[in-house]
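Per-entry structural report
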Amino acid sequence: HLGHDGYLDAQMGAKRDRNRALLLRDLAAHPGDPYIAYQLGREAEGRDQFAEACDWYAKALAPCAGTGYLHDLLVRYLHCLGRAGRADEGLALAGE
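Residues numbered from 1 in each chain as written. Predicted model: local features only at pLDDT ≥ 70, side-chain atom pairs only at ≥ 80, totals over all residues. Heavy atoms only, no water.

Here the idea is simple: oppositely charged side chains can pair when their charged atoms come close. Taken as a whole and judged by the stated rule, the model has 7 salt bridges. Glu52 is the partner of Arg47 in a salt bridge, and the nearest nitrogen-oxygen pair spans 3.1 Å. On the basis of relative accessibility, which here comes to 26%, the residue Arg47 falls in the partly exposed class. The exposure class assigned to Glu52 is partly exposed, which follows from its relative accessible area of 22%. Among the ionic pairs, Glu89 bridges to Arg86, the shortest N-O distance being 2.8 Å. Given a relative accessible area of 38%, Glu89 falls into the partly exposed group. Accessibility expressed as a relative area gives 22% for Arg86, which makes it partly exposed. Within this structure, Arg20, Glu43, Arg47 and Glu52 form a network of salt bridges that share partners. (Salt bridge = Lys/Arg side-chain N within 4 Å of Asp/Glu carboxyl O. Buried < 20%, exposed > 50% of the residue type's maximum accessible area, 1.4 Å probe, protein only.)

In summary, soluble globular proteins display a tendency toward joint burial of nonpolar side chains. Formed by 21 residues in total, the largest nonpolar core has its most connected members in Tyr38, Leu40, Tyr57, Leu73, Tyr77 and Cys80. Put simply, the parts of the chain that give this core at least two residues each are helix H1 (9-29), helix H2 (34-46), helix H3 (50-61) and helix H4 (70-83). Here this core takes 7 residues from H3, the largest share from any one element. If sequence neighbours within four positions are ignored, Leu73 has contacts with Tyr38, Tyr57, Ala60, Leu61 and Cys64. (Core = buried A, V, L, I, M, F, W, Y, C linked by side-chain atoms within 4.5 Å. Helix = DSSP H or I, 4+ residues; strand = E, 2+ residues; numbered from the N terminus. Contact = heavy atoms within 4.5 Å.)

Moving on: unusual backbone geometry. Of note, Asp48 is a non-glycine position whose phi angle comes to about 60 degrees, a positive value. For Asp48, the position within the fold is in the loop between H2 and H3.

We now examine the side chain of Glu45. Here Glu45 lies in helix H2. The buried category is assigned to Glu45, whose relative accessible area is 13%. When near neighbours in sequence (up to four residues on either side) are disregarded, Glu45 contacts Phe50, Ala53, Tyr57, Arg76, His79 and Cys80.

Here we come to H3. Taking 1.5 Å as the rise per residue, H3 with 12 residues should run 16 Å; its terminal C-alpha atoms sit 16 Å apart, in good agreement. Of all the positions in H3, only Phe50, Ala53, Cys54, Trp56, Tyr57, Ala60 and Leu61 are classed as buried. (Expected span 1.5 Å × (residues − 1).)

Following this line, the structure appears as structure tokens:
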């Protein structure tokens, strides 16, 4: 029996901080990359920072048409808009 504590709250916090730093460094090397913006949105959403996640998802949305993660991006973006108190924007986006 092997124990794995990588998903305990203490370890998850350290992983999130590490992942965020790595993603921001990657974005600095590849400005405007929509997939990195999408991953930063997921990271912010995981910290319950829904307004920040919305900003990242908005940056990722336009250039990612036709990618394999477009559906997930849209679902996450709509969810975060609602959680950030921006439901009107979500309804407008869903109507497009």
